[in-house]
Amino acid sequence: MAHPSYLSEQLNRTTVVQKGDGKETIFPYFADEELCKAVNLALFLNRPLLLMGEPGCGKSLLAKAVAYEWYKGELYNQQKYFEWNVKSTSKAREGLYEYDHLLRLRDANFRNKNTNMRNKDRYRSWGPMAEAMRNSEDGRKAVLLIDEIDKADIDFSNDLLNELERNSFYIPETNESPTFEHKPFIVITSNGEKDLSDAFLRRCVFHYIDMFSARKLETPETKEWLERILKARFYETPEKTDGLIEKAVMTFVALRKGMNTESSLYRKAINTSEFIDWFAILKACSDPKKGPATLADDLALQDWLNDKADENNQVPVPFGNVLFKTTTALFNFKTMEQPLSTEAQIPL
């Protein structure tokens, strides 16, 4: 049975899904054509998708968007989405299983009549990678996110080579070798802080999320993509037009272009994550009844909204603390050259 493709068509509005006894909010996700193609190549080859890109570009959100497209609000209830957040101390075994040696030792010492020490499930629990393997079926893959694999040392990825290839692993404590017929769809993210081995890379389909290179910033598709994100997140109807969106997008693109020209100087360039946070403040301040009054009265915001430039034709960048993550960027972009104005000023 062929598995459904990923078209990035379902998660176009903010959605609340059931997660255990609680609920989780899932935000819209719009994958471009190249990213959709990478997902479908990995699906066809039955290999993990290794995603790289700048921090804040949306790498970690893709896996959940794929799971939502396939299973809608039931991705948790049907046990079709799992996360493995890698830390510097993480070991490959943790994603597969945990064995409670202390409980086993206590049971052996106390010899409780009601305790069945032959029950392997009492001492062994599955990790997220094993759960994804166990819950994958023909035409209904579970989705696993292995997030920020580069945080761990190089042995971490090397220790997963056989497991990724064979879809099985060995548990020495119980002498079990669980083997699963259907592989999950695995998204692995990396910020490039550490190199991954050639043997590991060979087993993956690779994609680099590149939305804000100098070439792409000049295309109308990038601006339309940013506008689409803002409309889906902050407006009840995605067809709604708002001069604030156009002004925010123009400002972001102009700032990002400036950072691209001296990328080594700014180190952490502004990205989608910062842009969304920044617009959330702008949108709140545009409605005095709902927004924070102390921020809405900000002089830099007022001058930016009204295209009020100084004698050097510079306009302030409001709330730069949200956009910029380094001292150099924060101080160099307190003001910017006045971008192309929208047709009308945006009153508060």
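Residues numbered from 1 in each chain as written. Predicted model: local features only at pLDDT ≥ 70, side-chain atom pairs only at ≥ 80, totals over all residues. Heavy atoms only, no water.

A.B. asks: Would you explain the overall build of the protein in this entry?
C.D. replies: Of the regular secondary structure elements, the protein holds 16 helices and 11 strands. Along the three orthogonal principal directions, the C-alpha set of the protein runs to about 85 × 45 × 40 Å. Expressed as a percentage of contacts within the protein between residues at least 6 apart in sequence, the contacts between residues at least 24 apart total 70%. If you sum the accessible surface of the protein, you get close to 18500 Å²; carbon and sulfur atoms cover 48% of it. One way to put it: in the protein the 47 positive side-chain charges average out to a point 7 Å from where the 53 negative ones average out. (Helix = DSSP H or I, 4+ residues; strand = E, 2+ residues; numbered from the N terminus. Contact = heavy atoms within 4.5 Å. Areas by Shrake-Rupley, 256 points an atom, 1.4 Å probe, with all protein chains shown as cover. Lys, Arg positive; Asp, Glu negative; His and termini not counted. Charge placed at Lys NZ, Arg CZ, Asp CG, Glu CD.)

A.B. asks: Please explain the environment of lysine 223 as it appears in this structure.
C.D. replies: Relative to the elements of secondary structure, lysine 223 occurs in helix 9 (residues 220-234). On a C-alpha basis, the gap between lysine 223 and aspartate 210 in space is 14 Å, while along the polypeptide they are 13 residues apart. Excluding residues within four positions of it along the chain, lysine 223 makes contact with Leu217, Val249 and Val253.

A.B. asks: I would appreciate a short explanation of the nonpolar core in the present structure.
C.D. replies: Nonpolar side chains tend toward joint burial in soluble globular proteins. Within the largest apolar cluster, 71 residues are counted, with the highest numbers of intra-cluster contacts made by Tyr6, Tyr29, Leu49, Leu62, Phe185, Leu282 and Phe324. The contacts of phenylalanine 185, once residues within four sequence positions are left out, are Val39, Ala42, Leu43, Leu49, Val66, Trp70, Lys141, Ala142, Val143 and Leu144. By size, the runner-up hydrophobic cluster in this structure holds 31 residues, among which are Tyr97, Leu103, Leu144 and Leu196. (Core = buried A, V, L, I, M, F, W, Y, C linked by side-chain atoms within 4.5 Å. Buried < 20%, exposed > 50% of the residue type's maximum accessible area, 1.4 Å probe, protein only.)

A.B. asks: Explanation requested: unusual backbone geometry in the structure shown.
C.D. replies: Only a minority of non-glycine residues have a phi that is not negative, and only a minority of peptide bonds are not trans. With phi around 60°, glutamate 148 is a residue other than glycine that occupies positive phi space. Tracing the backbone through its elements, the reader meets glutamate 148 in the loop between strand 7 (143-147) and helix 5 (154-158). We classify glutamate 148 as partly exposed; its relative accessible area is 24%.

A.B. asks: Even after reading the chapter, I still don't get the environment of alanine 132, so can you show me in this structure?
C.D. replies: Assignment of secondary structure puts alanine 132 in helix 4 (residues 128-134). Spatially, the C-alpha atoms of alanine 132 and leucine 103 are 26 Å apart, while their sequence positions differ by 29 residues. Apart from residues no more than four positions distant in its own chain, alanine 132 is found in contact with Phe82, Ala142, Leu144 and Pro184.

A.B. asks: How do you make sense of the confidence of the model for the protein when you look at a structure like this?
C.D. replies: Detailed reading of the predicted coordinates is not advisable wherever pLDDT falls low. Confidence in the prediction for the protein averages 91 pLDDT; 95% of positions are at 70 or higher. In this model, residues 341-345 is a region of pLDDT below 50 whose contacts with residues beyond four sequence positions or in other chains number eight contacts. (pLDDT = per-residue confidence, 0-100.)

A.B. asks: Can you help me understand the packing of helix 9 against helix 12 (residues 272-285) in this one?
C.D. replies: For any two helices packed against each other, one specifies the crossing angle of their axes together with the interaxial distance. Running from N to C, helix 9 and helix 12 cross one another at 50°; their axes reach a closest spacing of 11 Å. Here helix 9 is positioned oblique relative to helix 12, judged by the angle of their axes. Every pair of crossing elements has a handedness; the one defined by helix 9 and helix 12 is right-handed. For the pair helix 9 and helix 12, contact is made by Trp225, Leu226, Ile229, Leu230, Arg233 and Phe234 and by Thr272, Phe275, Ile276, Phe279, Ala280 and Lys283, respectively. (Axes fitted to C-alpha atoms, helices over the stretch in contact; angles between N-to-C directions. Parallel < 35°, antiparallel > 145°, perpendicular 65-115°, else oblique. Left-handed = near helix turned anticlockwise from the far one by under 90°.)

A.B. asks: Mind showing me how you'd approach the sheet that holds strand 9 (residues 205-209) here?
C.D. replies: Sheet strands line up and pair through hydrogen bonds in the backbone, either parallel or antiparallel. Here five strands make up an open sheet; going across it, the order is 4-7-8-3-9 and the pairing parallel. Each of the sheet's edge strands pairs with one partner strand only, and the pair in question is strand 4 (81-85) and strand 9. With direction set aside, neighbouring strand axes in the sheet form an average angle of 20°. Direction of pairing for strand 4 relative to strand 7: parallel, over a ladder of five bridges. Across the sheet, residue glutamate 83 finds its bridge partner in strand 7, namely leucine 145. Where helix 1 (residues 33-45) meets the sheet, its contacts fall on strand 3 (49-53), strand 8 (185-190) and strand 9, and the angle it forms with strand 9 comes to roughly 165°. Its contacts with the sheet place helix 2 (residues 62-71) against strand 3, strand 4, strand 7 and strand 8, and it is angled at close to 175° to strand 7. (Pairing = 2+ DSSP bridges.)

A.B. asks: What is the right way to look at the packing of helix 10 (residues 243-261) against helix 12 in this model?
C.D. replies: Closest axis-to-axis distance for the helix 10/helix 12 pair is 11 Å, and the angle between their directions is 140°. As helix 10 packs across helix 12, the resulting crossing turns out to be right-handed. Here Leu244, Ile245, Ala248, Val249, Thr251 and Phe252 of helix 10 come into contact with helix 12, specifically with Phe275, Trp278, Phe279, Leu282 and Lys283. Considered class by class, the residues forming the contact of helix 10 with helix 12 number nine nonpolar, one polar and one charged. (Nonpolar A, V, L, I, M, F, W, Y, C, P; charged D, E, K, R; others polar.)

A.B. asks: Teacher, can you tell me more about the pairing of strand 2 (residues 22-26) here?
C.D. replies: Consecutive side chains along a regular strand alternate between the two faces of the sheet. Taken together, the five bridges between strand 1 (residues 15-19) and strand 2 define a ladder with antiparallel strand orientation. In the sheet register, glutamine 18 faces strand 2, and the bridge partner there is lysine 23. Once strand 1 ends, the chain turns through two residues before running back antiparallel as strand 2, passing glycine 20 with a positive phi of about 65°.

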